[in-house]
Amino acid sequence: MALGLDGLVDVLKAAGEQTRFRLLALLASGDLTVSDMTEILGQSQPRISRHLKLLAEEDLIERYQEGAWAYFRLRHEGDGAVLVRTLLAGSDCNDPVLLRDGERLAAVKRARSDRAQAYFSRNASEWDELRRLLVSDAAVEDAVLRLVGPNPVDALLDLGTGTGLMLRVLEKTYRHAVGIDASRDMLAVARANLDKAGIVKASVRHGDILNLPLEGQDFDLVTVHQVLHFLDQPELAIAEAARVLRPGGRLLIVDLAPHSLEYLRDAHAHVRLGFSHQAVAEWLNKAGLDVEQTIDLDADDRSEAALTATVWLARDRRLLVADAKSTVRALAEQTI
């Protein structure tokens, strides 16, 4: 549905002021806080907040809370958002004001990356120890890409996004994506990784994967990569993932197969020592999903301590039910 005359004028008025246009250009490059934008534009926080409020009122940007911080980003949906992206595409990339903003934005992102790297460095030894037992990232990525397939995905949700690996692996598959994680330190790492990869169509935010801050039936694909073994009741996470799937949507899970490495409970906070095909299939079935494919991946390290990973792909069966009813209806009409 196209904008009416009044709506068109309102969007142009909102975007037509210089500071607001600069803010839109910055937010097209990823999620930023008011403090980030204050630092980049060199304007007061109340002034920046007032401009952001006007842009939000026209549904050109969206705001979400992460603890004490509020993040803003350019909206993906809506006629106003489409018009704004057209206006941004028509701007001169060599404009001195926009170039200066871009340089300051790059400095803010470098600082963000440095903070994330400092956190990651503090925990590197533990990560490296565990990674030696796991299937290589390359093997997992290959399996994920094969199961998801080449068809484009409109909306992706990555639960327990961690460093944002799945958002990067599936970048060419989705139109837009959201990553959710309970650790603000890991979200900082994920944002830095998305910045480094130049991915602006994905955002990450703080949230509880057992109680998602999202409406239902919004996503075509949900991924849960190496998360379930940290949960006391992983079936609740599966049920919550199913809740936000669109009819016919798919859920992809990557996690550990059953193992006996008890020390991982204390050393790496593992609550569950892997999952059998049967257990996960039962949880998926209870959540209204049908298993389509299952793949076991062995670690490169063939020692007894090496861990096998399993990839499950399941689909929301509601579309199948709707298709079956349509088929029965069509056959009935043919016999009349």
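Residues numbered from 1 in each chain as written. Predicted model: local features only at pLDDT ≥ 70, side-chain atom pairs only at ≥ 80, totals over all residues. Heavy atoms only, no water.

Things to note about the side chain of Asp181
- Within the secondary structure, Asp181 sits in strand 5 (residues 174-181).
- Despite its burial, Asp181 remains without a salt bridge, the nearest opposite charge being carried by Arg184 at 9.8 Å.
- Within the local environment of Asp181, its side chain forms a polar contact with the backbone nitrogen of Gly162, the two atoms lying 2.8 Å apart.
- Look past the residues within four positions of Asp181 in its chain and what remains in contact with it is Gly160, Thr161, Gly162, Met186, Leu187, Arg205, His206 and Gly207. (Helix = DSSP H or I, 4+ residues; strand = E, 2+ residues; numbered from the N terminus. Buried < 20%, exposed > 50% of the residue type's maximum accessible area, 1.4 Å probe, protein only. Lys, Arg positive; Asp, Glu negative; His and termini not counted. Salt bridge = Lys/Arg side-chain N within 4 Å of Asp/Glu carboxyl O. Polar contact = N/O pair within 3.5 Å; in protein donor to acceptor, adjacent residues only side chain to side chain. Contact = heavy atoms within 4.5 Å.)

Topic: empty space enclosed by the protein
- The tally for this structure, following the rule as stated, stands at one cavity of 30 Å³ or more.
- Forming the boundary of the largest cavity are 13 residues, of which Asp31, Arg191, Leu194, Asp195 and Ala202 lie nearest the centre.
- Looking at the lining of the largest cavity, the elements with two or more residues in it are helix 10 (184-197) and strand 6 (202-206).
- Looking at the lining of the largest cavity residue by residue, the class counts come to five nonpolar, three polar and five charged. (1 Å grid on protein atoms, 1.4 Å probe; cavity = no way out; pocket = protein on both sides within 12 Å on 5 of 7 lines; lining within 4 Å. Points joined across faces, edges and corners; volume = space filled by probe spheres on them. Nonpolar A, V, L, I, M, F, W, Y, C, P; charged D, E, K, R; others polar.)

Some details on unusual backbone geometry
- If you check the backbone angles, Gln217 has positive phi at about 60° while not being a glycine.
- Of note, Gln217 is situated in the loop between strand 6 and strand 7 (219-225).
- Phi angles above zero are rare outside glycine, and Gln226 is one such case at about 50°.
- Note that Gln226 resides in the loop between strand 7 and helix 11 (234-243).

Comments concerning the packing of helix 2 (residues 18-27) against helix 3 (residues 34-41)
- The contact between helix 2 and helix 3 brings their axes to 11 Å, and the two run at 120°. Between helix 2 and helix 3, the crossing angle belongs to the class labelled oblique. Every pair of crossing elements has a handedness; the one defined by helix 2 and helix 3 is right-handed. Mapping the contact onto sequence places Thr19, Arg22, Leu23, Leu26 and Leu27 in helix 2 and Met37, Ile40 and Leu41 in helix 3.
- Classifying every residue of the contact of helix 2 with helix 3 gives six nonpolar, one polar and one charged. (Axes fitted to C-alpha atoms, helices over the stretch in contact; angles between N-to-C directions. Parallel < 35°, antiparallel > 145°, perpendicular 65-115°, else oblique. Left-handed = near helix turned anticlockwise from the far one by under 90°.)

Focus: the environment of Arg63
- As for its position among the elements, Arg63 is in strand 2 (residues 61-66).
- The exposure class of Arg63 is exposed, given its relative accessible area of 52%.
- For the pair formed by Arg63 and Arg73, sequence separation is 10 residues and the distance between their alpha carbons is 6.7 Å.
- When neighbours within four sequence positions are excluded, Arg63 is seen to be in contact with Ala70, Tyr71 and Phe72.

With respect to the pattern of salt bridges
- The final tally for this structure, using the stated rule, is 14 salt bridges.
- As a salt-bridge pair, Glu62 and Arg73 come within 3.9 Å of each other at their nearest N and O atoms. Taken together, the positions of Glu62 in strand 2 and Arg73 in strand 3 (residues 69-74) put the pair 11 residues apart, joining distant regions of the chain.
- Classification of Glu62 as partly exposed rests on a relative accessible area of 25%.
- Residue Asp290 pairs with Arg317 through a salt bridge whose shortest N-O separation is 2.9 Å.

Considerations on the sheet that holds strand 5
- Pairing in this open sheet of seven strands is mixed, and the strands run 6-5-4-7-8-10-9 from one edge to the other. At either end of the open sheet lies a strand with only one pairing partner, and these are strand 6 and strand 9 (289-297). Shown here is a sheet whose adjacent strand axes are inclined to one another by a mean of 15°, direction ignored.
- Pairing of strand 7 with strand 8 (residues 245-256) involves six bridges; the strand directions are parallel. Within the sheet, the bridge partner assigned to Thr223 lies in strand 8 and is Leu252. (Pairing = 2+ DSSP bridges.)

Comments concerning helix 5 (residues 79-89)
- Taken residue by residue, helix 5 has Gly80, Ala81, Leu83, Val84 and Leu88 as its buried positions. Across the axial projection of helix 5, the buried residues extend over an arc of 160°, all falling on one side. For helix 5, the exposed residues lying more than 90 degrees away from the buried face are Val82, Thr86 and Ala89.
- For helix 5, the secondary structure elements touched by its buried residues are helix 1 (5-16), helix 2 and strand 3. (Arc of directions from axis to C-beta.)

Let's talk about the pairing of strand 6
- Counting buried positions along strand 6 yields four of five residues, so the element is predominantly enclosed.
- Direction of pairing for strand 5 relative to strand 6: parallel, over a ladder of five bridges. The residue of strand 6 that forms the bridge with Gly179 is Val204.
- Taken together, strand 5, helix 10 and strand 6 form a β-α-β motif whose crossover is right-handed. (Right-handed = clockwise from strand over helix to strand, strands pointing away.)

Structural notes on the packing of helix 1 against helix 2
- The contact between helix 1 and helix 2 brings their axes to 6 Å, and the two run at 90°. Between helix 1 and helix 2, the angle is such that the two are roughly perpendicular. Contacts between helix 1 and helix 2 involve Lys13, Ala14, Ala15 and Gly16 on the former and, on the latter, Gln18, Arg20, Phe21 and Leu24.
- Residue composition of the contact of helix 1 with helix 2, by class: four nonpolar, two polar and two charged.

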